Amino acid sequence: MECTEQSVLSKMDVPVYGFNPIGSVRILGRKLLTDDNSISYNADADWLIWEKNTNGVVRLCQMKGGRWSPVREVSRAPQTIVVDNDTETVHLLYDFAIDRAEIDGSLRRLASLLKPPQPAP
């Protein structure tokens, strides 16, 4: 069976059950840190996926062992996701977003947020 560009576009235009993905991150084997402790996560998942429908409802989904499944509705998706490969940590930041008008300053603030606390001298 030949897959044409038209059939690929048609499939992409149809949201799955009315939801479209808005973000995802691979968490397999990584520590998960978040600035919103009201949202819990399944640490056994391979991927976390956030989806949103046209009514603004956000849901958290997971992929584990090649199987995708919705987990639950959540109040919001993270604004910034940082994967630190040095420490094998994924940071889900709900209260911090990159300001496109001030990228340099935003990245400096992000770096200071992620910097581990220094012990007192």
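Enquirer: For this particular structure, what's the right way to read the packing of aromatic side chains?
Expert: Each aromatic ring pair is characterised by the separation of its centres together with the angle its planes make. Under the definition given, this model contains zero aromatic pairs. Here the guanidinium or amino end of R59 rests over the ring plane of F19, the centre of that ring lying 3.8 Å away.

Enquirer: How do you make sense of the nonpolar core when you look at a structure like this?
Expert: Taken as a class, soluble globular proteins show a tendency for nonpolar side chains to be buried jointly. Counting residues in each nonpolar core, the largest one holds 14 residues, and the members touching the most others are V25, Y41, L48, W50 and L92. Elements represented by at least two residues in this core include exactly β3 (47-53), β4 (58-64) and β7 (89-93).

Enquirer: Could you clarify how one ought to interpret the pairing of strand β6 (residues 80-84) in this entry?
Expert: Note on strand geometry: in a regular strand, side chains alternate between the two faces of the sheet. As paired strands, β6 and β7 are joined by five bridges and run antiparallel to one another. Pairing of I81 across the sheet is with L92, part of β7. Taken together, β6 and the strand that follows it, β7, pair antiparallel across an intervening segment of four residues, in which E88 is found at a positive phi of about 55°.

Here is what the cut-offs are and how they apply
- Residues numbered from 1 in each chain as written.
- Predicted model: local features only at pLDDT ≥ 70, side-chain atom pairs only at ≥ 80, totals over all residues.
- Heavy atoms only, no water.
- Phe/Tyr/Trp six-rings, centres within 6.5 Å; stacked < 30°, edge-to-face > 60°.
- Lys NZ or Arg CZ within 6 Å of the ring centre and 35° of its normal.
- Core = buried A, V, L, I, M, F, W, Y, C linked by side-chain atoms within 4.5 Å.
- Buried < 20%, exposed > 50% of the residue type's maximum accessible area, 1.4 Å probe, protein only.
- Helix = DSSP H or I, 4+ residues; strand = E, 2+ residues; numbered from the N terminus.
- Pairing = 2+ DSSP bridges.

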